[in-house]
Amino acid sequence: MLTARLMQDVVDVVRESGAIIRRQWEKTHAVRHKGSIDLVTETDVAVEAFLKERLGALLPEADFLAEESCAAGAGPSPLCWIIDPVDGTTNFVHRIPQVGTSVALWEDGQVRLGVVNVPMMDECYWAGLGLGAFCNGAPIHVSAAATLEDAVVATGFPYAIAERLDEVLARLALVLPRAQGVRRLGAASVDLAYVASGRQDAFYEMLLKPWDVAAGWLLVEEAGGRVSSLDGGPYAFGNEILASNGHLHGGLERLFTRIEPVRAQGRPA
């Protein structure tokens, strides 16, 4: 299914969708709440509609698993596009530029291609299974940091932060004194792209959805990194995620096995 032509066509479509975000950047947004801190704007809906129309024309036989239109609890079909039109909606509303559009092609139980476009930074990351990872056409690779003392570790917080506060704080308490720095960008797809490109050395989070991580998962692995569950087991949608440059994985696993794992339900944009 994956060809060089399809890869390029998808990159072009996703980059084109970034124009919608750029046009809306300085405008007042019509914001509604899906949850107490879970936002959606007219831009989320417009970008998703654009992507579904254009990607549907490229691969008519593929289904869609897209954040703003999927049924509650839905998972990927054997062949589908997995889409987060605006990852970092809260960032978008507050004009913080770490806002990503994430598109992945899922086929027969694995991600075949992934694109994360960060239009306000003019950066487009993409990867194809077995083809490597790139940003704006240049190859990217994970960092060489070998110890947590030399590492920037990123994380995120779930929508259900009030119910999960003890777990979130327990993990931060383990990482903060050991890492060189901890960051929270507010967009998991961008976090994973930054791990793939060596800007961040590791990323972990609970309660993520497939559209938050599908494209970034492939980016990290194709850039030479590793993606797993927090305990080091194989990653699957619904698990807590740990992505790193590989060198840091064992140390982080040992830290996180002190915390009881939870299942995914949702996350803040």
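Regarding the packing of aromatic side chains
Right, on to step 1. Scanning all chains against the criterion turns up eight aromatic pairs.
Right, on to step 2. Considering the side-chain rings of Trp 126 and Phe 134, the 6.2 Å spacing of their centres and the 25° angle between planes classify their relative orientation as stacked.
Right, on to step 3. Residue classification places Trp 126 among the buried positions, given a relative accessible area of 13%.
Right, on to step 4. Between Tyr 235 and Phe 237, the aromatic rings sit 6.4 Å apart at their centres with planes inclined by 85°, giving edge-to-face as the arrangement. Here Tyr 235 and Phe 237 have matching classes, each one buried.
Right, on to step 5. Here the aromatic cluster, defined as three or more aromatic residues joined through ring pairs, consists of Trp 106, Trp 217, Tyr 235 and Phe 237.
Right, on to step 6. Between Arg 199 and the ring centre of Tyr 194, over which it is positioned, the NZ or CZ distance is 4.8 Å.

Section: the nonpolar core
Right, on to step 1. Formed by 40 residues in total, the largest nonpolar core has its most connected members in Ile 82, Tyr 125, Phe 203, Leu 219 and Phe 237.
Right, on to step 2. Going through the elements one at a time, strand 4 (79-87), strand 5 (100-107), strand 6 (110-118), strand 7 (123-128), strand 8 (132-135), helix 5 (188-196), helix 6 (210-222) and strand 14 (241-244) are the ones with two or more residues in this core.
Right, on to step 3. Of the residues forming this core, the biggest block, eight residues, is contributed by helix 6.
Right, on to step 4. The contacts of Ile 82, once residues within four sequence positions are left out, are Leu 65, Pro 76, Ser 102, Val 103, Ala 104, Trp 106, Pro 210, Trp 211, Ala 214 and Phe 237.
Right, on to step 5. Grouped together as the second largest cluster of nonpolar side chains are 28 residues, Val 10, Val 11, Ile 20 and Leu 59 included.

With respect to the pattern of salt bridges
Right, on to step 1. The full count for this structure, using the stated rule, is nine salt bridges.
Right, on to step 2. A salt bridge links Arg 5 to Asp 9; the nearest nitrogen and oxygen atoms lie 3.1 Å apart. On the criterion of helical spacing, the pair formed by Arg 5 and Asp 9 is a turn pair, its members being four residues apart in helix 1 (residues 4-24).
Right, on to step 3. A residue is classified by how much of its surface remains accessible, and Arg 5, at 62% relative accessible area, is exposed.
Right, on to step 4. Of the charged contacts in the structure, one is a salt bridge between Glu 107 and Arg 112, with a shortest N-O distance of 3.4 Å.
Right, on to step 5. Look at Arg 112 and you get partly exposed, because its relative accessible area is 23%.

Here's the deal with the pairing of strand 14
Consecutive residues of a regular strand have side chains that alternate between opposite faces of the sheet.
Right, on to step 1. Residues Ile 241 and Ala 243 line one face of strand 14 and the alternating positions Leu 242 and Ser 244 line the opposite face, and both faces are buried.
Right, on to step 2. Inspection of the sheet shows strand 12 (residues 202-205) paired to strand 14 by four bridges, in the antiparallel sense. The partner of Ala 202 across the bridge, within strand 14, is Ser 244.
Right, on to step 3. As paired elements, strand 13 (residues 226-229) and strand 14 share four bridges and run antiparallel to each other. Bridge pairing in strand 14 places Ser 228 opposite Leu 242.

Concerning the packing of helix 5 against helix 6
Right, on to step 1. With their axes 8 Å apart at the nearest point, helix 5 and helix 6 run at an angle of 0° to one another. On the basis of their axis angle, the class for helix 5 and helix 6 is roughly parallel. Contact residues: helix 5 offers Ala 188, Ser 189, Leu 192, Ala 193, Val 195 and Ala 196, while helix 6 offers Asp 212, Val 213, Gly 216, Trp 217, Leu 219 and Val 220.
Right, on to step 2. Of the residues belonging to the contact of helix 5 with helix 6, the class tally is nine nonpolar, two polar and one charged.

Re the sheet that holds strand 13
Right, on to step 1. With mixed pairing, five strands are arranged side by side in an open sheet as 11-10-12-14-13. With one partner strand each, in any of the chains shown, strand 11 (181-183) and strand 13 form the two edges of the open sheet. Between one strand and the next, the sheet's axes are offset by a mean angle of 20°, whatever the strand orientation.
Right, on to step 2. The sheet contacts of helix 5 involve strand 10 (152-155), strand 12 and strand 14, and relative to strand 12 the element is tilted by about 155°.
Right, on to step 3. Along the sheet face, helix 6 touches strand 13 and strand 14 and points at about 130° away from the line of strand 13.

Quick word on the environment of Cys 124
Right, on to step 1. One can find Cys 124 in strand 7.
Right, on to step 2. Overall, the relative accessible area of 0% leaves Cys 124 in the buried class.
Right, on to step 3. Placed 115 residues apart in sequence, Cys 124 and Asn 239 show a C-alpha to C-alpha distance of 26 Å.
Right, on to step 4. For Cys 124, the residues in contact, after removing those within four places along its chain, are Val 11, Arg 15, Val 115, Val 116, Asn 117, Phe 134, Cys 135 and Asn 136.

Conventions we followed
Residues numbered from 1 in each chain as written. Predicted model: local features only at pLDDT ≥ 70, side-chain atom pairs only at ≥ 80, totals over all residues. Heavy atoms only, no water. Phe/Tyr/Trp six-rings, centres within 6.5 Å; stacked < 30°, edge-to-face > 60°. Buried < 20%, exposed > 50% of the residue type's maximum accessible area, 1.4 Å probe, protein only. Lys NZ or Arg CZ within 6 Å of the ring centre and 35° of its normal. Core = buried A, V, L, I, M, F, W, Y, C linked by side-chain atoms within 4.5 Å. Helix = DSSP H or I, 4+ residues; strand = E, 2+ residues; numbered from the N terminus. Contact = heavy atoms within 4.5 Å. Salt bridge = Lys/Arg side-chain N within 4 Å of Asp/Glu carboxyl O. Pairing = 2+ DSSP bridges. Axes fitted to C-alpha atoms, helices over the stretch in contact; angles between N-to-C directions. Parallel < 35°, antiparallel > 145°, perpendicular 65-115°, else oblique. Nonpolar A, V, L, I, M, F, W, Y, C, P; charged D, E, K, R; others polar.

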